[in-house]
Amino acid sequence: MTAPRALPAPHATPLDLGGRTALVTGAAGGIGRACALRLAAAGAEVRAVDRDAAGLEALAEAARGAGGAVEPHVLDLTDLDAAELAAAGTDVLVNNAGLQLVRPIEEFPPDVFHTVLTVMLEAPFRLIRGALPHMYGQGWGRIVNVSSVHGLRASAYKSAYVAAKHGLEGLSKTTALEGAPRGVTSNCVNPAYVRTPLVEKQIADQARTHGIPEERVLSEVMLRDSAVRRLIEPEEVAEAVAYLCGPQASFVTGTSLVLDGGWTAH
Ligand SMILES: NC(=O)c1ccc[n+]([C@@H]2O[C@H](COP(=O)([O-])OP(=O)(O)OC[C@H]3O[C@@H](n4cnc5c(N)ncnc54)[C@H](O)[C@@H]3O)[C@@H](O)[C@H]2O)c1
């Protein structure tokens, strides 16, 4: 990928999560890893959930090196009962795990559509369901759902992903309404294309589906609608998540914090 890198995001948000536990799904790489490290740096004990055991071990080691606490929890989120159990007792929940397949609807495999909806919508529901009793019991909780610009806009060939993210937006708003009287906020963060393995893996798929060479995918597909002509870094998304977990965001709920370089301004 040739787009220029942004400067590394500083920890701009004062955040003290000492004594709190935070569960981050999809924490083995990309945005989830950045969120886990950011919340651990704020003092949280992070329960890092992913099906990628090696990625979780690498994350735990990186966190230890930085003086943070990350406990790896290997779990495939299609096991919905296990997902709900894993969320019990957590103070902060970051629903982040996701996957992508780029195909026209008539060629989209139904089993993949089902898996995408299970991991990206049904698992967040079950995790929220598992987390709320403890949050309600103490009158405080923070739920952040890593949605996407595709929670607000559609793109061709991403039927499952767009459907899941639009559903996640609705789930997040409903959680906000139910949680508000009990000290629990629920919000989405909505990045455009972030520099992560999910995006790197998509390039060949996008090139084939759009019928263009791989080197044109970044400028002609991914950054086509972005006024800021670069990918976002995972650390920039993690900083938005940190903001939503802090005391300065206690009135912010049921909303979507859009980090899209101006895409949805069109
Ligand atoms: N990368 C982007 O451009 C971008 C843009 C907007 C939103 N997002 C969203 O951000 C989130 C993270 O994406 P990313 O780019 O960091 O992706 P990534 O592929 O780097 O990380 C996703 C993680 O989810 C995990 N995962 C996938 N299926 C799982 C399952 N069944 N059980 C447990 N873990 C599973 C993977 O192992 C991986 O570690 C996703 O929800 C994605 O939709 C990404």
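Being a predicted model, the structure only gives us computed values, none of them experimental. (Residues numbered from 1 in each chain as written. Predicted model: local features only at pLDDT ≥ 70, side-chain atom pairs only at ≥ 80, totals over all residues. Heavy atoms only, no water.)

A. Fine view of the sheet that holds strand β1 (residues 21-25). In space, the seven strands of this open sheet follow the order β3-β2-β1-β4-β5-β6-β7, with parallel pairing throughout. Two strands in the sheet have a free side with no partner beyond their single neighbour: β3 (69-74) and β7 (256-259). Averaged over all neighbouring strand pairs, the angle between strand axes comes to 15°, with direction disregarded. Pairing analysis gives four bridges linking strand β6 (residues 184-191) to β7, with the strands arranged parallel. (Pairing = 2+ DSSP bridges. Helix = DSSP H or I, 4+ residues; strand = E, 2+ residues; numbered from the N terminus. Axes fitted to C-alpha atoms, helices over the stretch in contact; angles between N-to-C directions.)

B. Structural view of the pattern of salt bridges. Across all of its chains, the model carries ten salt bridges by this definition. Between R126 and E84 there is a salt bridge, with the nearest N and O atoms lying 2.5 Å from each other. Of the two residues, R126 sits in helix α4 (residues 110-138) while E84 sits in helix α3 (residues 80-86), which places them 42 residues apart along the sequence. As far as burial versus exposure is concerned, R126 and E84 are alike and both buried. (Salt bridge = Lys/Arg side-chain N within 4 Å of Asp/Glu carboxyl O. Buried < 20%, exposed > 50% of the residue type's maximum accessible area, 1.4 Å probe, protein only.)

C. Spatial organisation of the packing of helix α1 (residues 30-41) against helix α2 (residues 53-65). Two elements in contact, α1 and α2, have axes whose closest approach is 10 Å; the angle formed by their N-to-C orientations is 30°. Taken together, α1 and α2 sit at an angle that is classed as roughly parallel. Considering the relative orientation of α1 and α2, their crossing is right-handed. Across the interface between the two elements, R33, A36 and L37 from α1 touch A58, L59, A62 and A63 from α2. For the contact of α1 with α2, the class distribution of residues is six nonpolar, no polar and one charged. (Parallel < 35°, antiparallel > 145°, perpendicular 65-115°, else oblique. Left-handed = near helix turned anticlockwise from the far one by under 90°. Contact = heavy atoms within 4.5 Å. Nonpolar A, V, L, I, M, F, W, Y, C, P; charged D, E, K, R; others polar.)

D. A look at empty space enclosed by the protein. Throughout the structure, instances matching the rule amount to one cavity of 30 Å³ or more. Empty space within the largest cavity amounts to approximately 60 Å³. Among the secondary structure elements, those contributing two or more residues to the lining of the largest cavity are α4 and α5 (159-179). (1 Å grid on protein atoms, 1.4 Å probe; cavity = no way out; pocket = protein on both sides within 12 Å on 5 of 7 lines; lining within 4 Å. Points joined across faces, edges and corners; volume = space filled by probe spheres on them.)

E. Expanded view of the pairing of strand β4 (residues 92-95). Burial along β4 is two-sided: V92 and V94 facing one way and L93 and N95 facing the other are all buried. In this sheet, strand β5 (residues 141-146) lies alongside β4 in parallel orientation, the contact comprising four bridges. Note that in β5 the partner of N95 across the bridge is N145. For the crossover that starts at β4, traverses α4 and ends in the parallel β5, the hand is right-handed. (Right-handed = clockwise from strand over helix to strand, strands pointing away.)

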